[in-house]
Structures are given as C-alpha cells and as structure tokens.
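The primary structure of each chain is shown beneath.
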Amino acid sequence: MSKVIVTDHPLIQHKLTLMRKTTTGSKDFRQLLTEISMLMGYEVTRNLPLEDTEIETPIVKTKSKVISGKKLGIVPILRAGLGMVEGFVTLVPSARVGHVGLYRDPETLKPVEYYCKLPQDIEEREMIVVDPMLATGGSAIAAIDVLKERGAKNIKLVNLVAAPEGIAEVQKYHNDVDIYVASIDEKLNDHGYIVPGLGDAGDRIFGTK
Ligand SMILES: O=P(O)(O)OC[C@H]1O[C@H](OP(=O)(O)OP(=O)(O)O)[C@H](O)[C@@H]1O
Ligand SMILES: O=c1cc[nH]c(=O)[nH]1
Ligand SMILES: [Mg+2]
C-alpha cells in the first residue's frame, strides 16, 4: 500500500489557512500556493539519493555531496496544478515540466482530458504530479494513468488539500504512488467539492468563475 504523508509544518498550516479564506484574492492566493509548494517540495525531495563529488574550496580539496543521477519531472494537472510549478522548479531548476490537461465535468465529476505534453525520458525520471485539489480522485487517477501508459515507473502525487474519498480512490487504482498532502479535509459535498476546502482552486488562482 502506498504511503500518505501529511506535511503539517506550521508554516504550511498557517499559509493554508490564509488560502482557505474567502477574502484572500488571486494575487495572495497564488503567492501562498507557490510558498507552500516550495515547502512541500522540500519534503517530497527528502529521500533523493546523494553521491560524493570532488571539489576545491578556497581552502582545500574535499569530497562533498551532490544529488546522484535521479532526474525529476514535474507534471501539473491543468489548470490549477500550474500554481504549484514555480515553487517546485525554484527548488529543482533542472526538473523537466510536463503538462496534463484535465477538467472535471461538472455533471458527472469525471475527468475529461484535453492536453498532454510530457518529457520523452519519463521512464528514467521520478515524476511528481502536482494539483492543489484531490477531491473524488478522478483527475489524479487519470493523470497517473497517462504517465504510466507513457512508461513512467516512479510517480509521486502532491496535493494541497485532499478529501479522504480521493485518497482512498487513488490508493485503490495506484497503490504504488505515495501521496503528499498539506491537509486531509473532512469530506466531499454533494457537488464533489472538498469541505471545508478552499473552493475552486483554478478559479481562485486565475480569477475566473
Ligand atoms: O479529484 P477530482 O474530483 O477529479 O477533482 C479535482 C480536480 O478538480 C480541479 O480541477 P478543475 O476540473 O476545476 O479544472 P481547473 O483546474 O481547470 O479549474 C482540481 O484542480 C483537480 O484537478
Ligand atoms: O473542492 C474542490 C474540488 C475540486 N476542485 C476544486 O478546485 N476544488
Ligand atoms: Mg477548477
């Protein structure tokens, strides 16, 4: 069974509270999402393997650590996932960025795919799927399906806010994918929105409705 890691650092919890508030506008919402993504990225990359390299400081020659081999790919689920990219690529500037475009049909709540562009060598990369919201789990499952169809073998999922229903669903279909979340909220409402949640993340990031 995959792991669920709740990144409950006080800074993340504080910033998430600000994001949840209705009165927080798009500019602050985006800024907070970038900051939280960076803090979550720190946890998600915690186990990257290291190797020694020879360097010369102004004082002596020495051995020092660098990240070994493992290459990363960040895959935002459009649109809302875009809000998490800047935080991750600030931490890992060499990461490649793929995009999977999915929207959730408001009637059926099923994901509809409309775009996909991924790095060619995803089978050699650790792929990190990012999306602020994990509600029914349909969008995350579909995005991970796409990555696996294209050969990805090592996938992590990072969400800001998750419903217990969505976590269970992702674990049912992809039990090899660890899930990092800042909060596991209470439940889904009758329209498939997370309660208490923060509303529609895409609309809040981009100022649409
Ligand atoms: O777990 P699920 O039930 O699939 O719901 C979560 C999805 O819904 C939202 O996207 P939305 O369809 O609103 O698209 P958007 O990002 O373009 O706003 C969100 O960003 C997730 O991708
Ligand atoms: O609460 C939710 C559920 C799905 N998508 C969102 O943006 N918010
Ligand atoms: Mg949306």
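As the structure is a prediction and not an experimental result, all values here were calculated from the model.

Draft legend 1. Fine view of the nonpolar core. Ranked by size, the top nonpolar core spans 32 residues in total, and within it M19, M40, I128, V158, L160 and L198 carry the most contacts. Mapped onto this core, the elements with two or more residues apiece are α1 (10-20), α2 (26-44), β4 (71-78), β8 (125-130), β10 (154-162), β11 (178-184) and α6 (201-206). Looking at this core element by element, the count peaks at six residues for α2. In contact with L160, other than residues within four places in its own chain, are L16, M19, L33, I36, M40, D131, P132, V181, A182, S183 and L198. Formed by 26 residues, the second largest nonpolar core is a distinct cluster that contains L102, L134, A143 and V181.

Draft legend 2. Spotlight on the site of ligand 2. In the vicinity of ligand 2, the contacting residues are R104, M133, A135, G192, Y193, I194, G199, D200 and A201. Here I194 contributes a backbone N or O atom positioned 2.8 Å from an oxygen atom of ligand 2. Protein coverage of the free-state accessible area of ligand 2, which is 240 Å², stands at 89%. Tallied by class, the residues present in the shell around ligand 2 amount to five nonpolar, two polar and two charged.

Draft legend 3. Molecular detail of the site of ligand 1. Close to ligand 1 lie 15 residues, the nearest being R104, D131, T136, G137 and S139. Note that an oxygen atom of ligand 1 is positioned 2.7 Å from one of the backbone N or O atoms of R104. Between ligand 1 and the protein, one listed contact pairs an oxygen atom with a side-chain N or O atom of T136 at 2.6 Å. Summarising the interface, the protein chains cover 91% of the accessible area of ligand 1, which totals 500 Å² for the free molecule. Going through the elements one at a time, β6 (99-104), β9 (133-134) and α4 (138-149) are the ones with two or more residues in the shell around ligand 1.

Draft legend 4. The packing of α1 against α2, seen in detail. Interhelical geometry of α1 versus α2 gives an angle of 155 degrees and a closest axis separation of 10 Å. Between α1 and α2, the angle falls in the class roughly antiparallel. Regarding α1 and α2, the two cross each other, and that crossing is left-handed. For the pair α1 and α2, the contacting residues are L11, I12, K15, L16, L18 and M19 in the first and F29, L32, L33, E35, I36, L39 and M40 in the second.

Draft legend 5. The confidence of the model for the protein chain, seen in detail. Per-residue pLDDT for the protein chain averages 96, and the proportion of residues at 70 or more is 100%. Interface confidence in the predicted complex, given as ipTM, is 0.98; pTM for the same model is 0.96.

Draft legend 6. Region of the structure containing the side chain of N159. Topologically, N159 is positioned in strand β10. Here D131 takes part through its backbone oxygen, which lies 2.8 Å from a polar atom of the side chain of N159. Those residues in contact with N159 that sit more than four places away from it in its chain are M40, D131, P132, M133, L134, I179, Y180, V181 and A182.

Draft legend 7. Broad picture of the packing of α4 against helix α5 (residues 164-173). For the pair α4 and α5, interaxial distance at closest approach is 9 Å and the crossing angle is 25 degrees. Judged by the inter-axis angle, α4 sits roughly parallel to α5. In this structure, α4 crosses over α5, and the sense of that crossing is right-handed. Listed contacts from α5 to A140, I141 and I144 of α4 are E169, V170 and Y173. For the contact of α4 with α5, a count of residues per class yields five nonpolar, no polar and one charged.

Draft legend 8. Up close: unusual backbone geometry. Between L78 and R79 the backbone carries a cis peptide bond, its omega angle lying at -10 degrees. Relative to the helices and strands, R79 resides in the loop between β4 and α3 (85-91). Backbone torsion omega between V195 and P196 reads 0 degrees, so that peptide bond is classified as cis. The phi torsion at L109 lies on the positive side, around 65 degrees, for a residue other than glycine. Along the chain, L109 falls in the loop between β6 and β7 (111-117).

So, how was this worked out
Residues numbered from 1 in each chain as written. Chains lettered and ligands numbered in written order. Predicted model: local features only at pLDDT ≥ 70, side-chain atom pairs only at ≥ 80, totals over all residues. Heavy atoms only, no water. Core = buried A, V, L, I, M, F, W, Y, C linked by side-chain atoms within 4.5 Å. Buried < 20%, exposed > 50% of the residue type's maximum accessible area, 1.4 Å probe, protein only. Helix = DSSP H or I, 4+ residues; strand = E, 2+ residues; numbered from the N terminus. Contact = heavy atoms within 4.5 Å. Near = heavy atom within 4 Å. Polar contact = N/O pair within 3.5 Å; in protein donor to acceptor, adjacent residues only side chain to side chain. Areas by Shrake-Rupley, 256 points an atom, 1.4 Å probe, with all protein chains shown as cover. Nonpolar A, V, L, I, M, F, W, Y, C, P; charged D, E, K, R; others polar. Axes fitted to C-alpha atoms, helices over the stretch in contact; angles between N-to-C directions. Parallel < 35°, antiparallel > 145°, perpendicular 65-115°, else oblique. Left-handed = near helix turned anticlockwise from the far one by under 90°. pLDDT = per-residue confidence, 0-100.

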